[in-house]
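# Summary of structural features
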Amino acid sequence: KAYFMTVAGIANNALAACLNTAFTATLTAPAFSMPAFDDSAAPFPAGLVMDRSGKVTGTPAAPGVTNVSVLVTDQVTGFMCRQAVVMTVRGITNLPLPQAQVDIPYSQQLTTSGFVVASFSIQSGSLPAGLSLSAAGLISGTPTTAQTTTAVVLMNDLATGAQCAQGVTITAAVGQFKFNINWSN
């Protein structure tokens, strides 16, 4: 006598999005005749929502990895299955960056979430004059002009090929000088 077992569950249980970028994906449960999805026990991160058809939409608001608990119910058979869906939001985690001072050396390492090995480059815009971005994500140099600039930084995962772009704003300001004057008679 032969026995057959159908393994039910969500086929695409690992999703990835870029921070502050519109995202759409639809979860699938091939073993279910008419699946209905529910993430109320442990929902998708801020900015993302899932409807009952399994469609996840929105613009993720914070980088990081979230384990979402999704309940799938077959509306024909009543069969239910709960499964974790890993939602990774890729992006720079240490923004906003501290203000730079004109004629004072500046160094800030960009840190990311969701990348195995990130490589950085400027896609558009610029950093304040005197600052540069290394492929390792280090912004360094000595600002020469008081200005606020925004550069769109392209992050490329050298391990997976995933890419995301994110705006980085830096203000270079003229420093304040403090004098101590001692009067003596």
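To keep things clear, this report deals only with the structure shown in the data block. These numbers were taken from a predicted model, which means no experiment stands behind them.

## Some words on the sheet that holds strand E11 (residues 118-125)
Reading across the sheet, the four strands line up as E8-E15-E14-E11 and stay open at both edges, with mixed pairing between neighbours. Across the chains shown, the open sheet's two edge strands, defined by having one partner strand only, are strand E8 (100-101) and E11. Pairing of strand E14 (residues 147-157) with strand E15 (residues 163-173), which is carried by ten bridges, proceeds in the antiparallel orientation. Along E15, the bridge assignment pairs Val152 with Gly167.

## Side note on unusual backbone geometry
For the bond from Leu95 to Pro96, the omega torsion is 0°, close enough to zero to count as cis. In this structure, Asn20 takes a positive phi of about 60° despite not being glycine. Positionally, Asn20 belongs in the loop between strand E1 (14-18) and strand E2 (23-26). Of note, Asp103 is a non-glycine position whose phi angle comes to about 65°, a positive value. Checked against the element boundaries, Asp103 lands in the loop between E8 and strand E9 (106-109).

## Remarks on the sheet that holds strand E13 (residues 138-141)
A sheet is described by the order of its strands in space; here three strands give the open sequence E9-E13-E12, paired in antiparallel fashion. Either end of the sheet is taken by a strand with one partner, and the two such strands are E9 and strand E12 (131-133). In this sheet, adjacent strand axes meet at a mean angle of 15° when their direction is disregarded. Here E12 runs beside E13; their pairing, made up of three bridges, is antiparallel. Bridge pairing in E13 places Leu133 opposite Ile139.

## Quick notes on the nonpolar core
Ranked by size, the top nonpolar core spans 21 residues in total, and within it Leu15, Leu27, Phe44, Val70 and Met87 carry the most contacts. Of the residues forming this core, the biggest block, four residues, is contributed by strand E7 (residues 80-92). Leu27 has contacts with Ile10, Asn12, Leu15, Phe37, Met50, Ser53, Gly54, Val56, Val70 and Val85, leaving out every residue within four places of it along the chain. Of all hydrophobic cores here, the second largest spans 19 residues; its members include Cys18, Phe115, Ala151 and Met155.

## Let's talk about the packing of aromatic side chains
Following the criterion strictly, the structure yields one aromatic pair and no others. Between Phe32 and Phe79 the ring centres are 5.8 Å apart and the planes differ by 45°, which places this aromatic pair in the tilted class. Pair noted here: Phe32 is in the loop between E2 and strand E3 (35-42) and Phe79 is in the loop between strand E6 (64-74) and E7, with a separation of 47 residues, a long-range link. By relative accessible area, Phe79 is classed as partly exposed at 46%.

Rules of the game
- Residues numbered from 1 in each chain as written.
- Predicted model: local features only at pLDDT ≥ 70, side-chain atom pairs only at ≥ 80, totals over all residues.
- Heavy atoms only, no water.
- Pairing = 2+ DSSP bridges.
- Helix = DSSP H or I, 4+ residues; strand = E, 2+ residues; numbered from the N terminus.
- Axes fitted to C-alpha atoms, helices over the stretch in contact; angles between N-to-C directions.
- Core = buried A, V, L, I, M, F, W, Y, C linked by side-chain atoms within 4.5 Å.
- Buried < 20%, exposed > 50% of the residue type's maximum accessible area, 1.4 Å probe, protein only.
- Contact = heavy atoms within 4.5 Å.
- Phe/Tyr/Trp six-rings, centres within 6.5 Å; stacked < 30°, edge-to-face > 60°.

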